[in-house]
Amino acid sequence: MEENTNVLFLEDKFMKTFKYYKSNKPKPSLDNVIQLEKCFTDKITDVTPESDIEDTRAELLGLKSLKEWKIFSLNRHPGLLLIRNPFTALGQRYWIRKCLEEYPRKPNKLNIDIEMNLQDWWEECFRNGQCERLLQKKLRWTTLGYHHNWDTKVYTEQNRSPFPEDLAELSDILAKYLGCSSFRAEAAIVNYYHMNSTLSAHTDHSEINLEAPLFSYSFGQSAIFLLGGKDKSVEPSAILINSGDIVVMSKEARLSYHAVPKILPATETPWDDLGIAKESSKNPSFKYISKSGEMKSMMRKNEDNKEWERFKNYIQESRINMNVRQVLKEKQDCISM
Ligand SMILES: O=C(O)CCC(=O)C(=O)O
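It should be emphasised that the depicted structure is a prediction, and the values quoted were computed from it without experimental measurement. (Residues numbered from 1 in each chain as written. Predicted model: local features only at pLDDT ≥ 70, side-chain atom pairs only at ≥ 80, totals over all residues. Heavy atoms only, no water.)

1. A look at the overall build of the protein
The helix and strand inventory of the protein stands at 8 helices and 13 strands. Taking 20 Å as the expected radius of gyration for a compact globule of 337 residues, we find that the protein reaches 20 Å, a close match to that expectation. With the principal axes as the frame, the protein shows a C-alpha extent of 65 × 50 × 50 Å. Here the protein holds 337 residues, and the buried ones make up 51% of them. Contacts in the protein between residues at least 24 apart in sequence constitute 78% of all its contacts with a sequence separation of at least 6. Treating the 48 positive side-chain charges of the protein as one cloud and the 48 negative ones as another, the clouds have centres 2 Å apart. (Helix = DSSP H or I, 4+ residues; strand = E, 2+ residues; numbered from the N terminus. Rg over C-alpha atoms; globule rule 2.2 N^0.38 Å. Buried < 20%, exposed > 50% of the residue type's maximum accessible area, 1.4 Å probe, protein only. Contact = heavy atoms within 4.5 Å. Lys, Arg positive; Asp, Glu negative; His and termini not counted. Charge placed at Lys NZ, Arg CZ, Asp CG, Glu CD.)

Spelled out as structure tokens, the structure:
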């Protein structure tokens, strides 16, 4: 009898913290939330990357110089890395726009597919010249590459679309920088959150390759991200994730429980701080991007505030998270039946 009570009590810890941060009345205290701005906390440690060689692709993918990146690890969670917004303002605009305008197009899969089959959700949202707020708010996720099957949790070759070249390139830069050069971006979930959205506790274990890291990029409004352990009995750490921050889940942390109990209004809007962007003279050789000429103009297109307005309106009340995974083992090139 006593044993049973114990088990129940232990299993409750993740949920208890989740409920605490989810609550609106009373509002949770943020005193124990790890904030990267307050780097003096004893809960995190600065990390020096494997290599400090500049990657010529970074600027064209909307990243700051690798020398400016700030990386931290969490003392309680080996394998978890946090990178504090390495994106330029134009870079943030580029990725936000991609997640809204391009990634939700067919053949990619959307949560709303069961209700309506839209070729182009973003275009449909503006079909009558005005913004269809209801339709906009309905989109909660899009899957890219190998599509995550939410029921079976099994990836298959039949349920696969081309993975976006730009997102593969971005993840390749990050992987190389962190010393995981064999990483291949093969599947992604793009999550769309509104101010009252949450994501419940789960682990990401559907990939065949669970040794490869998972890269999670966030834009827009802020969030409290909970990271626990292998089971829900481990009390999770709460981390504040701001626009542009990257979470890397590797090693022990790759299979840890995590969740998003709360979206918080962003105190800064780094996608607005354009400054004067200089024309890039770099002509890097990309690994995945085939139309490299288009990359520059796609990036600069968002300098025009009129062009950017619709995306700005969306992101000032929402958060977008793209999390990228490798599905196959290093020497595997497809999923066998
Ligand atoms: O939104 C986030 O930060 C986390 C998303 C996530 O955990 C997932 O899609 O598996």
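2. As for unusual backbone geometry
Looking along the chain, the bond that leaves Lys25 and enters Pro26 is cis, with omega of 0 degrees. Along the chain, Pro26 turns up in the loop between α2 (13-22) and β1 (44-46). Cis geometry marks the peptide bond from Lys106 to Pro107; its omega dihedral reads 15 degrees. Residue Lys153 is not a glycine yet carries a positive backbone phi of 65 degrees. Along the polypeptide, Lys153 turns up in the loop between β5 (141-145) and α6 (165-177). Of note in this structure, Lys251 is not a glycine but carries a positive phi near 45 degrees. Position of Lys251 relative to the elements: it lies in the loop between β11 (246-249) and β12 (258-264).

3. A word on the UniProt feature "binding site: Fe cation" (unreviewed entry) in the protein
Mapped onto this structure's residue numbering, the UniProt feature "binding site: Fe cation" (unreviewed entry) falls at His202, Asp204 and His258. A maximum C-alpha distance of 9.0 Å among these annotated residues, which run over 57 residues, shows that they cluster at one spot. Counting through the fold element by element, Asp204 comes out in the loop between β7 (199-202) and β8 (214-220). Discounting chain neighbours no more than four positions away, the residues touching Asp204 are Leu210, Leu214, Arg254, Leu255, His258 and Arg325. Relative to the elements of secondary structure, His258 occurs in strand β12. By relative accessible area, His258 is classed as buried at 5%. (UniProt positions renumbered as here; feature names shortened; annotations may be inferred.)

4. Some points on the sheet that holds strand β10 (residues 237-241)
The antiparallel open sheet is built from 4 strands, whose spatial order is β7-β12-β9-β10. Edge strands, defined here as strands with exactly one partner in the open sheet, are β7 and β10. In this sheet, adjacent strand axes meet at a mean angle of 25 degrees when their direction is disregarded. Pairing between strand β9 (residues 222-227) and β10: 5 bridges, direction antiparallel. Following the sheet pairing, Leu226 is matched in β10 by Ala238. (Pairing = 2+ DSSP bridges. Axes fitted to C-alpha atoms, helices over the stretch in contact; angles between N-to-C directions.)

5. A look at the site of the ligand
Near the ligand, the surroundings consist of Asn191, Tyr193, Leu199, His202, Asp204, Phe225, His258, Val260, Arg319, Asn321, Asn323 and Arg325. In this structure, an oxygen atom belonging to the ligand sits 3.0 Å away from a side-chain N or O atom of His258. In this structure, an oxygen atom belonging to the ligand sits 2.9 Å away from a side-chain N or O atom of Asn323. Counting residues per element, the ones that place at least two in the shell around the ligand are β6 (187-194), β7, β12 and β13 (318-325). At 4 residues, β13 tops the list of elements feeding residues into the shell around the ligand. The class makeup of the residues in the shell around the ligand is 4 nonpolar, 5 polar and 3 charged. (Near = heavy atom within 4 Å. Polar contact = N/O pair within 3.5 Å; in protein donor to acceptor, adjacent residues only side chain to side chain. Nonpolar A, V, L, I, M, F, W, Y, C, P; charged D, E, K, R; others polar.)

6. A word on the pairing of strand β3 (residues 77-84)
For β3, the buried fraction is high: 6 of the 8 residues fall into the buried class. In this structure, strand β2 (residues 70-74) lies alongside β3, joined through 5 bridges in antiparallel fashion. Residue pairing for β3: Lys70 is matched across the bridge by Arg84. Connecting β2 to the antiparallel partner β3 that follows it, the hairpin turn spans 2 residues.

7. Observations regarding the sheet that holds β5
If you walk across this open sheet you meet the 9 strands as β1-β2-β3-β11-β8-β13-β6-β5-β4, and the pairing is antiparallel. Two strands bound the open sheet, and with one partner strand each, they are β1 and β4 (109-110). Relative to β13, β8 runs antiparallel, the two sharing 6 bridges. For Gly220, the partnering residue across the bridge sits in β13 and is Arg319. Its contacts with the sheet put helix α3 (residues 89-102) on β6, β8 and β13, and the angle it makes with β13 is roughly 85 degrees. On top of the sheet, helix α8 (residues 305-315) reaches β6, β8 and β13; it is set at about 95 degrees to β13, its chief contact.

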